[in-house]
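Below, each chain spelled out in residue letters.
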Amino acid sequence: MGELRLMKGNEVLAEAAIRCGCDGYFGYPITPQSEIMETLMVRQPWDETGMVVLQAESEIASINMVYGAAATGKKVMTSSSSPGISLMAEGISYIAGAELPCLFVNVVRGGPGLGTIQPSQADYFQSVKGGGHGDYKCIVLAPASVQEMNDFVGLGFELAFKYLNPALILTDGAIGQMMEKVELADYKPRWTKEEIQKYSGKWATTGKPNSRKQNVVTSLEMDSDKMEANNRRFQEKYKKMEEEEVRFETIMCDDAEYIMVAFGTSARICQKSVEIAREQGIKVGLLRPITLFPFPKKEIAKLTCHVKGFLSVEMSAGQMVEDIKLAVHESGCNVRVEHFGRMGGIIPSPNEVVDALKEKFL
Amino acid sequence: MDIKDIIKPENLVYQKSDVQIDTIMHYCPGCTHGVVHKILSELIDEMGIQENTVGVAPVGCAVFAYNYIDVDWQEAAHGRAPAVATGIVRTNPDKFVFTYQGDGDLASIGAAEILHACNRGENMLVVFINNGIYGMTGGQMAPTTIDGMVTSTTPGGRDIALNGYPMKITELIAQLPGTSYVTRQSAQNAGAVRKCKRSLKKGIQNVLDKKGTSFIEVVSTCSSGWKMTPVAANRWMEENMFPFYPLGDLKDGSKEPNLSKN
Ligand SMILES: Cc1ncc(C[n+]2csc(CCOP(=O)(O)OP(=O)(O)O)c2C)c(N)n1
Ligand SMILES: [Mg+2]
């Protein structure tokens, strides 16, 4: 059993980064996630593991620092909240286009614009559909507990290096700020130069010895035929993720007539809503997507022919609901898909969700 | 005598450095980029640092620098090369890292990144090609375009009232304590090329000696953008650019900039 602690979600992200052998963190302060960098600066991992922590001049700079370090084969990350992630969009697109591994965290707050510092899930589209320009996808992990904040740092890096693709932890101010018991991961040493050569030597810009050709990290290709071929390769990669990396959790779905679909904070709320509904004799289950891209399409399609309806519960005007509808459509069976959500930083109460379910379906 | 009798090792007076890749450049005739690429390749070769070097290419005409200089390269987003270089050098402090940037890239869209990287004293070399114009996109006004200069977006000449003043970003950079060596050079003739090479060598050596940021501006021509022949462009640069962008060291070793010339 690993070390047990009572910690805030944001602090755990920092701790998990140090423990998983992360080489560098670059970030810019923004509520509700500033504790990530603050925790790192107090921990001073450069003395302990050699991990670099740098406060950048902006989110634009942070993500480009991540690009530079990632292109040398290092395990690096950044974090921000909604407006900062919008600023990073160009850089993330470059990272996807150059096929670099990295981890970034969005502790979402309510938008649009400067919005509010309260939790929200309204960056779903931005996260799962690409976010910046061009045809690309990020691997998106949605933790629903402080424990998963810990677990997904290591998992995020693992997937990022497996696919040479940016991985995103999409969480929100509630999980970032709340304290829970967490079992921390054991320390893993940072990769040595030899290990970096072994894992990433084919492409990493570590200096060109006579024995090999120059390594060039770029997203640029002026020849459209070659650029299309690059895009085909990216699409193959995303397809493979859809086949191999889908993660989800189901609660009481076996006999359910209605399924709530919710991730992150909303899923925590819905867990309670399921209990309340069951006490009232309504057969409700919960499907919690853990990966938002790749989305658990097949699981939803499988459930479709056995249930009377899906309720997408999101802290947004209804974004994931579109992906649920697509999955239902692909199943061949036809059931109703409804959405219930609160916006602007409001977290719905479990009873509110049950009432919405009754109103829409019963 | 046959040509084969002349091309012999003992008659060799000049040879391209091996670090300069044997290929046709996409640069226009008279373009300064090609000359600076050549000097940089020679220095990387002569100083024996090829194996330790990572270059960061800009968005601008030098976006393809990696096709010409045989080191590991990263291609940065427009203006972000100093942030990219920061990421490299912070996680790889033993590498020699340099950015190679145009004036639109460095002084306009990337003004924040260059100022902050220099202010932090990131241990890297910055090569700044100031041709007073956006070469790659077809000759629009740059922040460095001088008063009255004609570009495609200042067809009547730069108008200070409308466009603001041309920016002497190198003078700003020289104020920052993170920089150890800040100089302005040119490369329009053999003498200037030799001086420019000496400056670049000093800049590289400073980085190898971990002295912080070295910043080398090269006042340059853009025959195509300026719509001049290479010869006329050089003359125009000497007559119009040099008075506004005087050549010489702005700072060398000391923490204080030497701005007396300006
Ligand atoms: C975000 C973004 N904005 C605009 C461009 C278009 N663009 C490409 S190069 C360039 C200007 C380059 O000028 P400069 O840095 O002076 O380099 P030069 O070509 O003169 O060497 C611009 C505006 C871009 N690629 N990316
Ligand atoms: Mg230019």
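Everything here concerns the structure above.
Residues numbered from 1 in each chain as written. Chains lettered and ligands numbered in written order. Predicted model: local features only at pLDDT ≥ 70, side-chain atom pairs only at ≥ 80, totals over all residues. Heavy atoms only, no water.

S.K.: Explanation requested: empty space enclosed by the protein in the structure shown.
M.R.: Gaps left between atoms show up when a probe the size of a water molecule is rolled over them. Residue and element names in this part refer to chain A. Summed over the entire model, instances satisfying the criterion amount to three cavities of 30 Å³ or more. Volume-wise, the largest cavity comes out at about 80 Å³. Along the wall of the largest cavity there are 13 residues; nearest its centre are Ile 85, Ile 92, Phe 104, Gln 126 and Gly 130. For the lining of the largest cavity, the secondary-structure elements that each account for two or more residues are α5 (82-97), β5 (102-108) and α6 (124-128). Here the lining of the largest cavity gets three residues from one element, more than from any other, and that element is α5. (1 Å grid on protein atoms, 1.4 Å probe; cavity = no way out; pocket = protein on both sides within 12 Å on 5 of 7 lines; lining within 4 Å. Points joined across faces, edges and corners; volume = space filled by probe spheres on them. Helix = DSSP H or I, 4+ residues; strand = E, 2+ residues; numbered from the N terminus.)

S.K.: Hey, could you run me through the interface of chain A and chain B in this one?
M.R.: Many authors give the size of an interface as the accessible area that is lost as the parts come together. Every contact between the two is made by 35 residues of chain A and, on the other side, 35 residues of chain B. Taking both partners together, chain A and chain B bury about 2,700 Å²; carbon and sulfur atoms supply 56% of that area. Together, Glu57(A), Lys208(A) and Gln214(A) form the three largest contributors to the area buried by chain A at its contact with chain B, with a combined 21%. At the boundary of chain A with chain B, the tally comes to four salt bridges. For Lys193(A), the salt bridge is made with Asp94(B), and the minimal N-O distance between the two is 2.9 Å. Linking chain A with chain B are 18 residue pairs in polar contact (both at pLDDT 80 or more), by the criterion used here. (Contact = heavy atoms within 4.5 Å. Buried area = accessible area lost by both parts, 1.4 Å probe. Salt bridge = Lys/Arg side-chain N within 4 Å of Asp/Glu carboxyl O. Polar contact = N/O pair within 3.5 Å; in protein donor to acceptor, adjacent residues only side chain to side chain.)

S.K.: What's the story with unusual backbone geometry in this structure? I'm lost.
M.R.: The bulk of non-glycine residues show a negative phi, and the bulk of peptide bonds are trans. Residues and elements named next belong to chain A. Going from Thr 31 to Pro 32, the amide bond is cis rather than trans, its omega being 10°. Phi at Met 252 takes a positive value of approximately 50°, unusual for a residue other than glycine. In this fold, Met 252 is placed in the loop between β10 (248-251) and β11 (258-261).

S.K.: What exactly am I supposed to notice about the packing of aromatic side chains here?
M.R.: Any aromatic ring pair is given by two values, namely how distant the centres are and how the planes are angled relative to each other. All names here are of chain A. As enumerated under the stated definition, the model contains 13 aromatic pairs over all chains in all. Between Phe 161 and Trp 191, the aromatic rings sit 4.8 Å apart at their centres with planes inclined by 85°, giving edge-to-face as the arrangement. Taken as a pair, Phe 161 in helix α7 (residues 146-163) and Trp 191 in the loop between β8 (179-183) and α9 (193-200) lie far apart in primary sequence, 30 residues in all. Ring pairing ties together the aromatic residues Tyr 124, Phe 125 and Phe 263, which thus form one cluster. Of note, Lys 75 hangs over the ring of Phe 157, and the distance from its end group to the ring centre comes to 5.9 Å. It is Lys 75 that lies over the ring of Trp 191; its NZ or CZ is 4.8 Å from the centre. (Phe/Tyr/Trp six-rings, centres within 6.5 Å; stacked < 30°, edge-to-face > 60°. Lys NZ or Arg CZ within 6 Å of the ring centre and 35° of its normal.)

S.K.: Where do I start with the site of ligand 1 in this structure?
M.R.: If you check the shell around ligand 1, you find 17 residues, and the closest are His33(B), Cys61(B), Asp103(B), Asp105(B) and Gly135(B). Ligand 1 sits at the junction of chains A and B, each of which supplies nearby residues. Here an oxygen atom of ligand 1 sits 2.9 Å away from a polar atom, N or O, in the side chain of His33(B). In the environment of ligand 1, an oxygen atom lies 2.8 Å from a nitrogen or oxygen atom belonging to the backbone of Cys61(B). Taking 600 Å² as the accessible area of ligand 1 by itself, protein coverage stands at 77%. (Near = heavy atom within 4 Å. Areas by Shrake-Rupley, 256 points an atom, 1.4 Å probe, with all protein chains shown as cover.)

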